[in-house]
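Structural description and commentary
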Amino acid sequence: MELKRVVVTGLGALTPIGNTLEEYWMNLVAGKSGADVISLFNPEKFKTQFACEVKNFDVNDFIDRKEARRMDRFTHFAMVVADEAMNDSGLTKPNSYDPDRVGVIWGSGIGGLDTFLQESKNYAGGDGTPRFNPFFIPKMIADISPGYISIKYGLRGPNFTTVSACASATNALIDAATYIRLGKADIIVSGGSEAAITEAGIGGFNAMHALSVRNDSPQTASRPFDKNRDGFVMGEGAGCIILEEYEHAKARGAKIYCELVGYGLSADANHITAPHPEGLGASRVMINALDDAGINPEDMDYINVHGTSTPLGDIAETKAILKVFGDHAYKLNISATKSMTGHLLGAAGAVESIAAIMAVHDDIVPPTINHETADPEIDNKLNFTFHKAEKRRVNTALSNTFGFGGHNASVIFSKLR
């Protein structure tokens, strides 16, 4: 069976450094930090008092007020980016697709965490009578976003959510690409959304000692590969990527950003939160992605790394890159865009894949910001694209995402051939 080709025909982004695709990409290339003191709740009693929040966002500018009250913030984000991507792709034009052949596959690592927290607080503060909002469960469950998207656009193809912690959105893209490759769908609206900047989210990750506590300098706290990194910075937002079968896209005259040429999956099988110290799972997932794409390590130009700014994770991923790419690793551009957006958890794979897609499309590699001190445990001869974006020919780019539980997922994008 000959597999179908998968291309990218629409993008949408809502991030801590930009509320549209254009704004996100412009600020990513400019090296803008999205971190600041938390405004969504009072953080003064928390070890970490800052995060990368989405800014200047009013859901009522996009969704009817009554309908918005029935959704958690992570679904608000999903609806907004899906709308931008659908418009970008031209799929809002009448009769531009068969709705039975268009699906929605979405990623979220946590779902409606704030809804769960608020409903629990309301119950605990009452008289013990179980009075809950009738929309409590539909607001909270992680799979509700693709349901809402499909309802809005009448999309009757495959519809579900992938949950694999910080690899969730990349797993969604991989599942979407697989359905298209096998001829099971013409188009999949894919991506991920997350809204975990809550008391429970910050408090829970603080209890694990996973978050940076650099409260005196939030904007410089996310510092991948820096010797003095002390944990990741929580982010929120969403990214949407329209994946489409190549011949279908060509027939309707769609704009094509690039081609999704390969993907890989693996497990660390090592620890529930810590990466394998030698990066075995990370190296295996990149090898699997290269094999699936049918390309050699020497064909890679850019890697958007998982790069969370955690002490163990950055070292393990660097070891994995050196193992997979050998001497060619020194010819690659590498960047950790979490240095600007923070870590969007289950949505990370979507917004970072968009960064890789735009790097291929525009031949610009966004930077890794906030690096001050070299870490002797990291090979600093690698080109981490520190401080400033770099213009270069980017024919092929890889995006890595790794999640708690040892879940690893990678996707590869290339210029259309």
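Anything mentioned here points back to the structure above.
A short tour of the structure in this document, coming up. Owing to the predicted nature of the structure, the values given are computational and were not obtained by experimental measurement.

Secondary structure summary: the protein contains 13 helices and 14 strands in total. Taken against the 2.2 N^0.38 rule, which gives 22 Å for 417 residues, the C-alpha radius of gyration of the protein at 20 Å falls within 12% of a compact globule. On the principal axes, the C-alpha backbone points of the protein span a range of 65 × 55 × 40 Å. Out of the 417 residues belonging to the protein, those deemed buried represent 60%. In the protein, of all internal contacts separated by at least 6 residues, the share reaching a separation of at least 24 is 80%. Of the roughly 16100 Å² of accessible surface on the protein, 51% is carried by carbon and sulfur atoms. Both charge centroids of the protein, one from 39 positive and one from 50 negative side chains, sit 1 Å from each other.

Take unusual backbone geometry next. At Asn 56, a position not held by glycine, the phi torsion is positive, near 55°. Mapped onto the elements, Asn 56 comes out in the loop between strand S3 (50-51) and helix H2 (65-69). Since its relative accessible area comes to 81%, Asn 56 is described here as exposed. Positive phi values are uncommon outside glycine, yet Ala 165 reaches one of about 55°. The residue Ala 165 is located in the loop between strand S5 (159-162) and helix H7 (168-181) in this model. The class for Ala 165 is partly exposed, based on a relative accessible area of 23%.

Quick look at the nonpolar core now. Within the largest apolar cluster, 46 residues are counted, with the highest numbers of intra-cluster contacts made by Val 8, Leu 11 and Leu 243. Ignoring sequence-local partners within four residues, the contact set of Leu 11 consists of Leu 21, Glu 84, Ala 85, Asp 88, Cys 240, Ile 241, Tyr 257, Ile 354, Ile 357 and Met 358. Counting residues in hydrophobic clusters, the runner-up holds 31 residues, among them Val 59, Leu 91, Ile 187 and Cys 240.

As a further point, take the pairing of strand S1 (residues 6-14). Of all the 9 residues making up S1, 9 are buried; the element is thus mostly covered by neighbouring parts of the structure. Relative to strand S8 (residues 258-267), S1 is paired through 3 bridges, and the arrangement is antiparallel. Its bridge partner being in S8, Val 7 is matched across the sheet by Glu 259. Bridging between S1 and strand S7 (residues 237-245) involves 8 bridges; their strand directions are antiparallel. Paired with Ala 13 across the strands is Gly 239, a residue of S7.

This paragraph deals with the environment of Pro 297. Looking at the element boundaries, Pro 297 is found in the loop between helix H10 (280-293) and strand S9 (302-304). We classify Pro 297 as partly exposed; its relative accessible area is 22%. Distance in space between the C-alpha atoms of Pro 297 and Cys 240 is 28 Å, their sequence separation being 57 residues. Not counting residues within four places of it along the chain, the set of residues in contact with Pro 297 comprises Leu 290, Val 324, Phe 325 and His 328.

Let us now look at the packing of H10 against helix H11 (residues 311-325). Two numbers describe how H10 lies on H11: the axes approach to 8 Å, and their chain directions differ by 40°. In this view, H10 runs oblique relative to H11, as classed from their interaxial angle. Two packed elements cross with a definite hand, and for H10 against H11 that hand is right-handed. Of H11, the residues touching H10 (which contributes Leu 280, Ala 282, Ser 283, Met 286, Ile 287 and Leu 290) are Ala 320, Ile 321, Lys 323, Val 324 and Phe 325. Here the contact of H10 with H11 is built from residues that sort into 9 nonpolar, 1 polar and 1 charged.

Conventions we followed
- Residues numbered from 1 in each chain as written.
- Predicted model: local features only at pLDDT ≥ 70, side-chain atom pairs only at ≥ 80, totals over all residues.
- Heavy atoms only, no water.
- Helix = DSSP H or I, 4+ residues; strand = E, 2+ residues; numbered from the N terminus.
- Rg over C-alpha atoms; globule rule 2.2 N^0.38 Å.
- Buried < 20%, exposed > 50% of the residue type's maximum accessible area, 1.4 Å probe, protein only.
- Contact = heavy atoms within 4.5 Å.
- Areas by Shrake-Rupley, 256 points an atom, 1.4 Å probe, with all protein chains shown as cover.
- Lys, Arg positive; Asp, Glu negative; His and termini not counted.
- Charge placed at Lys NZ, Arg CZ, Asp CG, Glu CD.
- Core = buried A, V, L, I, M, F, W, Y, C linked by side-chain atoms within 4.5 Å.
- Pairing = 2+ DSSP bridges.
- Axes fitted to C-alpha atoms, helices over the stretch in contact; angles between N-to-C directions.
- Parallel < 35°, antiparallel > 145°, perpendicular 65-115°, else oblique.
- Left-handed = near helix turned anticlockwise from the far one by under 90°.
- Nonpolar A, V, L, I, M, F, W, Y, C, P; charged D, E, K, R; others polar.

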